[in-house]
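An overview of the molecular structure
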Amino acid sequence: MRLVRFDIDQWGEIADSLLRNKMRTFLTAFGIFWGIFMLLLLMGGGRGMEEMLASNFAGFATNSGFIISSNTEKPYHGFRKGRRWNIVLDDVEHIRHAVPEAEVVTPAESFWGRDVQRGTGHCEGSIVGVYPEYSIVDSPEITDGRDINAVDVAQQRKVCVIGKRLREELFKPDEQACGQTVRVDGIHYTVVGVGGKSEGGMSLNGNATTTVRVPYTTMQRAYNIGNHVDLLCLTARKGYSMSHVQEKAAAVIKRAHHIHPDDSQAVNMINAEAMFSMLEELFGGISILVWMIGVGTLLGGIIGVSNIMVVTVKERTTEIGIRRAIGATSADILLMVMSESVVLTLMAGMSGISLAVLILHAVESGLPQGTDATFQISFAMATGAAATLSLLGILAGLAPAYRALHIKPVDAMREE
Amino acid sequence: MIRLTNVHKTYQGQQPLHVLKGIDLHIGKGEFVAIMGASGSGKSTLLNILGILDDYDEGEYWLNGTLIRHLKESSAAHYRNRMIGFIFQSFNLISFKNAMENVALPLFYQGVPRKKRNELAMHYLERVGLRDWAHHYPNELSGGQKQRVAIARALITRPDIILADEPTGALDSRTSVEVMQLLKELHAQGMTIVVVTHESGVAYQTEKIIHIKDGQIENIEEHPDIQSTVFGRGGLMK
């Protein structure tokens, strides 16, 4: 049995056949080109946007929730409505005991619009009193030095972690910030760490770049706030939803502060987890949409190729008949049709991939400095796309090739 | 060379058509034979069977010692390629290939390297007197030239027999003579040639005429005298 042959003449034939009908070939190829181009562009673009957004949430716990106090809405236990109340440090302990589903329960106290000074330099910022666990919810992303630790809190040390911008404003670029002191409201704090969180990122208690973090206990003493808590931060354990944790925590607080159980205003809850899952769903939806559009367009293109190949086979019926008469086997004819389909698909697809890569590259280099997002498709993805195209080319060639195989030399000659 | 015994062929359709009704035929090596008959007589079907382009229902067909019956498509292609050279009425050249490429095509399907098969194609084009036309495309050639290219293509595989289906059907009388002259030369070199035709002028150029009527062999004329017919005087036909 002879093997299937393929030599330079075959390439010439494919080129001939495709070039004989330039407009038709071009339009068919354009379907494939546009399909793969759109698919890759949207995929790269969608992922890039997602990464750009995600970089805003860097260091922020996505399973977190927060509780703030607000005036009561209903009279209860002899208290009138509209009463002002505060979360206190004891609530933190209560919740820790009563709500085991909560992983982190930590308070934060903050003062905004403070003047942070060092020597003659100064910069407006906020001061936040925290426990070490606070960094699980909203990490300062330390770039130099260390975070506030348990000993700092226990010993009410006058130490602080400053934000990126404060370090730039108050210190020279080559100066070591750690070990120096900054002054807020007349009190000197020794800088033990510098945060790296950038502007525009998601953070609690004001702009992270101009925040001075100090131990909660230090804050208690410096500002004489007693057990007052501005913000109660929670994260849920794996497998529990934040809304469930918040419900239970709110019930505990309501009981302790004589608030009506049905009061919907007094205990103000912010659910970051719900927000994040909404975003996730949004991007999930976008990605499904991208696939549907891209794959749909590509499929349209492939059907176009298949169609054109059927027409080509029909046009070349006599020729195929002649070839069979002079000794072409089924495999030869199959190869002839398939190779044409695959070459057309691959060439169109490759130009689509190239253009998508080029545009994604342009988008990436056009991004503002410091944006941490990849728009470009990976090499593996491009290779995968090329492999898929070859496969699609083969599939597109199947129906027409099957048709070509059923051309008998006798029939072909009869058409004359 | 060719031996048919009791070959039957029926085309299945709404009304089955019994085309060949028991053909017994023997064609020896080196013979130059014409098959004649009116249209519908079954001569084309017979040629298709001889050319392994079509299968038959009953009987036996031996070609050069090989029984040709119910072949798989791939082995049919193999035998066609190696043993049979076709010449068609409408030339059946591939329009986007030049003369040399057309002649070389059967060798492509044998897996002969490109350089070798193009050399051979040039050699055979020279034999039919078209060396200078090797790089012309079919639409740049006259009818007679096209048929000579087709003959070169039929010869290139050194087949056992040449089957010609109305080889002069699309040609004027002058080029018809040229083509028949070429076939006669091939015959003189020892090639077995079978021509199917309805033109007696063509048929009388051969040494044996098989008349077919209604799917059966009516009679066989041996060694007809070419000069004695009104159609073939001085080799001029029609």
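Residues numbered from 1 in each chain as written. Chains lettered and ligands numbered in written order. Predicted model: local features only at pLDDT ≥ 70, side-chain atom pairs only at ≥ 80, totals over all residues. Heavy atoms only, no water.

1. Things to note about helix α9 (residues 272–315) of chain A
Taking 1.5 Å of rise per residue, 44 residues should cover 64 Å, and α9 of chain A covers 64 Å from first to last C-alpha, within 8% of that figure. Capping the start of α9 of chain A, N271 of chain A holds a side-chain oxygen 3.0 Å from the backbone nitrogen of E273 of chain A, two or three residues further along. (Helix = DSSP H or I, 4+ residues; strand = E, 2+ residues; numbered from the N terminus. Expected span 1.5 Å × (residues − 1). Polar contact = N/O pair within 3.5 Å; in protein donor to acceptor, adjacent residues only side chain to side chain.)

2. Remarks on the domain arrangement of chain A
Domain assignment breaks chain A into domain 1 (2–57 + 277–415) and domain 2 (64–272). Between the C-alpha centres of domain 1 of chain A and domain 2 of chain A there is a distance of 56 Å. (Domains from an automatic or database assignment.)

3. Looking at the side chain of E109 of chain A
Residue and element names in this part refer to chain A. Following the sequence through the fold, E109 ends up in strand β3 (residues 102–118). This buried residue, E109, is left without a salt bridge; R114 holds the nearest opposite charge, at 9.4 Å. Here the side chain of E109 touches H228 through a polar contact of 2.9 Å, side chain to side chain. In this view, E109 contacts I127, V128, G129, Y216, M219, I225, H228, V229 and D230; residues no more than four positions away in its chain are not counted. (Buried < 20%, exposed > 50% of the residue type's maximum accessible area, 1.4 Å probe, protein only. Lys, Arg positive; Asp, Glu negative; His and termini not counted. Salt bridge = Lys/Arg side-chain N within 4 Å of Asp/Glu carboxyl O. Contact = heavy atoms within 4.5 Å.)

4. Describing the state of the cysteines
Here is the idea: a disulfide is a covalent bond, and it sits between the sulfur atoms of two cysteines. In this structure the tally under the stated criterion is zero disulfides over all chains. No disulfide involves C233 of chain A; its sulfur sits 19 Å from that of C160 of chain A, the nearest cysteine. (Disulfide = S-S within 2.5 Å.)

5. A short note on the packing of helix α10 (residues 317–325) of chain A against helix α11 (residues 330–365) of chain A
All names here are of chain A. Two elements in contact, α10 and α11, have axes separated by 10 Å at closest approach and are oriented at 145°. The element α10 and its partner α11 pack so that their crossing is right-handed. Facing α10, whose interface residues are E319, I320, R323 and R324, α11 presents S330, I333 and M336. Looking at the contact of α10 with α11 residue by residue, the class counts come to three nonpolar, one polar and three charged. (Axes fitted to C-alpha atoms, helices over the stretch in contact; angles between N-to-C directions. Left-handed = near helix turned anticlockwise from the far one by under 90°. Nonpolar A, V, L, I, M, F, W, Y, C, P; charged D, E, K, R; others polar.)

6. Structural notes on the pairing of strand β1 (residues 64–69) of chain A
All names here are of chain A. The buried fraction of β1 is high, at five of six residues. Alignment of β1 against strand β11 (residues 231–236), held across four bridges, turns out to be antiparallel. By the bridge assignment for β11, S64 is matched with T235. Sheet topology note: the β1/strand β12 (residues 267–271) ladder contains five bridges and is antiparallel. In the strand pairing of β12, I68 is matched with N268. (Pairing = 2+ DSSP bridges.)

7. Considerations on the environment of I225 of chain A
All names here are of chain A. Looking at the element boundaries, I225 is found in the loop between α7 (216–223) and β10 (228–229). Since its relative accessible area comes to 14%, I225 is described here as buried. Separated by 116 residues in sequence, I225 and E109 place their C-alpha atoms 9.0 Å apart. Excluding residues that lie within four positions of it along the chain, I225 makes contacts with E109, F111, Y216, M219 and Q220.

8. Here we look at the sheet that holds strand β7 (residues 161–165) of chain B
All names here are of chain B. One open sheet holds the six strands; their spatial order is β6-β7-β8-β3-β9-β10, and the pairing between them is mixed. Each having just a single partner strand, β6 (84–87) and β10 (216–222) make up the two edges of the open sheet. Between one strand axis and the next, the sheet turns by 20° as a mean value, whatever way the strands run. Of the pairings in the sheet, the one linking strand β9 (residues 208–213) to β10 comprises six bridges and is antiparallel in character. In the sheet register, I209 faces β10, and the bridge partner there is E221.

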